[in-house]
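Examination of the molecular architecture
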Amino acid sequence: MSHTHIGLICCLSFVTLEAFQAVYLGAVFQEVDSFLVGTWVFGISVVGCTLATAVFRPAELAASFRAWRIVAALNLFAALTWTTYFIAVQLIEPAVVFTIFSGMVPLGTVMAGWLGLQEARSAKRRLVRIGNALILLSIVSLAAITVFGFSGFVRGGWLAALTGVCLSALSGGCTAFVILYSVRLNGRGVGPLAQFGLRFVLYTLLALMAFLIGVDDKDVATPAGDLVRIVVIGLAVIAFPLYLVQKAVPLIPASMIAAVTALGPAMVFVMQLFDGRVYYSAATLGGLVIYITGALIAVCGATKSPVVASTR
């Protein structure tokens, strides 16, 4: 298979595992302090990947030290992504948060291109533009129904709703810059394994501090056996899917990664149709339909390239 196909498979695997986690395992992660889980899952990832890099690819570790500014930017954007996302989920409907977040990944890539980031440049395709326009329309509509009280859930008034919408958008935009700076760091000789270990250092420290302070403290302490089980699941459905996206970085353009990973809400929607336990408000469902249509059109445009066509 070509590099393009391998990169697309990595991204689609990420989308599938992420959707599975959101639909079927959300309740499992609610049983324990989310920051404790984050500390363990990303702490193990940071230590394990960094040690493996030091042993098997020490040159990449040395290259990351030379490119410390890029590594620092990656840490900042990764930390902002996770903290803003988790706060947003506490304020507004999770389906709205996830959709706005996912949609802002390709739109954030477009904005980065306007700002002049070389890594964000991509071929101008009509289908991608149409898809992104529909994604933007869906984000605006979901934001409006949330602020005006027509979504399924808002914890507070319009100000809390607006805050949740803004944090969701910020989280997705930061994810776009994580992908773009990963591409830049890859160009400096730092591969996926090293990058995955180094980019979550700041977030791991912040999650540890939040756990010690008791930001998401649960009323009942989680037994050690249950915590181990949840951490293992977290490594499989949180850390591993993110690593798959990191593997795709040197294989396909950032714009293509952003387009494919934006399919997350569509995959979640399909799984929830089969699951049958989740019901959307009519207004939220309308916004999701617009989003899914736009995401599918954008992916068709982004993946329609001579490289893919030549390997059929």
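An account of the accompanying structure is given in this report. Note that this is a predicted model, so its numbers are computed, not measured.

**Here's the deal with the overall build of the protein chain**
Helices and strands together make up the secondary structure of the protein chain, namely 15 helices and 0 strands. The C-alpha atoms of the protein chain give 19 Å as radius of gyration, which agrees with the globular expectation for 312 residues (20 Å, within 12%). Projected onto its principal axes, the C-alpha coordinates of the protein chain cover approximately 50 × 50 × 35 Å. When burial is assessed residue by residue, the protein chain has 52% of its 312 residues classed as buried.

**Regarding a nonpolar patch on the surface**
On the surface, a cluster of nonpolar side chains totalling about 610 Å² of accessible area is made up of L76, L80, L202, L206, M209, I213 and V215. In terms of residue count, the dominant contributor to the nonpolar patch is helix α10 (residues 201-213) (4 residues). Among the secondary structure elements, L76 is positioned in helix α5 (residues 68-91).

**A look at the packing of helix α7 (residues 126-147) against helix α8 (residues 158-187)**
Closest axis-to-axis distance for the α7/α8 pair is 8 Å, and the angle between their directions is 155°. Relative to α8, α7 is oriented roughly antiparallel. In the crossing of α7 with α8, the sense of the turn from one axis to the other is right-handed. For the pair α7 and α8, the contacting residues are A143, T146 and V147 in the first and W158, A161, L162 and V165 in the second. Its residues placed into classes, the contact of α7 with α8 shows 6 nonpolar, 1 polar and no charged.

**What to know about the side chain of T261**
Position of T261 relative to the elements: it lies in helix α12 (residues 254-261). Relative accessible area serves as the criterion here: at 8%, T261 is assigned to the buried category. Contact partners of T261, with chain neighbours within four places excluded, come to C11, F14, V15, V105 and V245.

**Focus on the packing of helix α6 (residues 94-114) against α7**
Viewed as axis vectors pointing N to C, α6 and α7 meet at an angle of 140°, and their least axial separation amounts to 10 Å. When the axis of α6 is compared with that of α7, the two are oblique. Crossing of α6 over α7 shows left-handed handedness. Between α6 and α7, the contacting residues are V96, T99, I100, G103, M104, P106, L107 and V110 on the first element and N132, I135, L136, I139, L142 and T146 on the second. For the contact of α6 with α7, the class distribution of residues is 10 nonpolar, 4 polar and no charged.

Conventions and cut-offs
Residues numbered from 1 in each chain as written. Predicted model: local features only at pLDDT ≥ 70, side-chain atom pairs only at ≥ 80, totals over all residues. Heavy atoms only, no water. Helix = DSSP H or I, 4+ residues; strand = E, 2+ residues; numbered from the N terminus. Rg over C-alpha atoms; globule rule 2.2 N^0.38 Å. Buried < 20%, exposed > 50% of the residue type's maximum accessible area, 1.4 Å probe, protein only. Patch = residues over 30% accessible without salt bridge, like charges linked within 9 Å, V, L, I, M, F, W, Y side chains within 5 Å. Areas by Shrake-Rupley, 256 points an atom, 1.4 Å probe, with all protein chains shown as cover. Salt bridge = Lys/Arg side-chain N within 4 Å of Asp/Glu carboxyl O. Axes fitted to C-alpha atoms, helices over the stretch in contact; angles between N-to-C directions. Parallel < 35°, antiparallel > 145°, perpendicular 65-115°, else oblique. Left-handed = near helix turned anticlockwise from the far one by under 90°. Contact = heavy atoms within 4.5 Å. Nonpolar A, V, L, I, M, F, W, Y, C, P; charged D, E, K, R; others polar.

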